[in-house]
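Summary of structural features
Residues per chain are reported as follows:
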Amino acid sequence: MTTTTKEEQFLSKAISLATDNVYNSGGPFGALIVTLDGRSFEGANRVTANNDPTAHAEVMAIRNACASLETFDLSGSTLYTSCEPCPLCLSAALWARVDAVVFAADRNDAARAGFDDAVFYDYFATPVEDRSMPVRQYKLTTSAPVPASSPFEAWNSLTARVDY
């Protein structure tokens, strides 16, 4: 994939954020959300600094953009990141309705530095019954005090809800 000068500038900024973050108690990852009108919102990996396993650079950039723009929908924006996003970050970008993701280093570069996401990719590729962390549904009995569908029934009955 060829890049434009703008893409190189945004990727360079993400890489600089990642590098600076290493010296600020964070991990070596940085990201930017750039909107159609050119506004950018930064994020850096703060997993260890914040004791938050979800504080990945891409997630932090998405959080910053959404808070600043007062929306949860980042349609039209692009996520520029210093490294190929992990499944968590890709999921966050999908939920945020980001239009595109552009990254610099790839998952192999991250693995050589000790950040190997292969276990996560493998997890989702493994049959449910063979996964390392079991995730299972518990079917409530019909005599349960509250049916499992109650939150969705409440949601569907709410006329003032904000769909997402």
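Residues numbered from 1 in each chain as written. Predicted model: local features only at pLDDT ≥ 70, side-chain atom pairs only at ≥ 80, totals over all residues. Heavy atoms only, no water.

1. Quick look at the side chain of E58
With respect to the element layout, E58 can be found in helix α3 (residues 57–69). R63 provides the closest opposite charge to the buried, salt-bridge-free E58, at an N-O distance of 11 Å. Side chain to side chain, E58 and T81 meet in a polar contact 2.8 Å long. (Helix = DSSP H or I, 4+ residues; strand = E, 2+ residues; numbered from the N terminus. Buried < 20%, exposed > 50% of the residue type's maximum accessible area, 1.4 Å probe, protein only. Lys, Arg positive; Asp, Glu negative; His and termini not counted. Salt bridge = Lys/Arg side-chain N within 4 Å of Asp/Glu carboxyl O. Polar contact = N/O pair within 3.5 Å; in protein donor to acceptor, adjacent residues only side chain to side chain.)

2. Quick notes on the pairing of strand β3 (residues 78–83)
Most of β3 sits inside the fold, with six of its six residues counted as buried. Where β3 and strand β4 (residues 100–105) come together, five bridges link them in parallel fashion. Within β4, the residue paired with C83 across the bridge is A105. You can see the chain leave β3, run along helix α4 (residues 87–95) and come back into β4, and the turn it takes is right-handed. (Pairing = 2+ DSSP bridges. Right-handed = clockwise from strand over helix to strand, strands pointing away.)

3. Thoughts on the layout of surface pockets
Within this model, the largest pocket holds a volume of roughly 570 Å³. For the largest pocket, the lining is made up of 28 residues, of which H56, C86, L88, D117 and F120 are closest to its centre. Those elements giving two or more residues to the lining of the largest pocket turn out to be α2 (47–50), α3, α4 and α6 (118–125). A total of four residues in the lining of the largest pocket trace back to one element, the largest contributor, which is α6. Counted by class, the lining of the largest pocket contains 18 nonpolar, six polar and four charged residues. (1 Å grid on protein atoms, 1.4 Å probe; cavity = no way out; pocket = protein on both sides within 12 Å on 5 of 7 lines; lining within 4 Å. Points joined across faces, edges and corners; volume = space filled by probe spheres on them. Nonpolar A, V, L, I, M, F, W, Y, C, P; charged D, E, K, R; others polar.)

4. Quick word on the sheet that holds strand β2 (residues 40–44)
Each strand in a sheet pairs with another by means of backbone hydrogen bonds, the pair being arranged parallel or else antiparallel. What the four strands build is an open sheet, ordered β2-β1-β3-β4; its pairing is mixed. A single partner strand is all that each edge strand has here, and the edge strands are β2 and β4. Across this sheet, the average inter-strand angle for adjacent strands is 15°, counted without regard to direction. Looking at chain direction, strand β1 (residues 30–34) and β3 are connected through four bridges and run antiparallel. Counted as the bridge partner of V34 is T78 from β3. Along the sheet, helix α1 (residues 5–22) makes contact with β1, β2, β3 and β4, crossing β1 at roughly 140°. (Axes fitted to C-alpha atoms, helices over the stretch in contact; angles between N-to-C directions. Contact = heavy atoms within 4.5 Å.)

5. Structural notes on the UniProt feature "domain: CMP/dCMP-type deaminase" (unreviewed entry) in the protein
As annotated by UniProt and renumbered to match this structure, "domain: CMP/dCMP-type deaminase" (unreviewed entry) occupies residues 5–118. Taken end to end, residues 5–118 is 45% helix and 19% strand, and its first and last C-alpha atoms sit 32 Å apart. (UniProt positions renumbered as here; feature names shortened; annotations may be inferred.)

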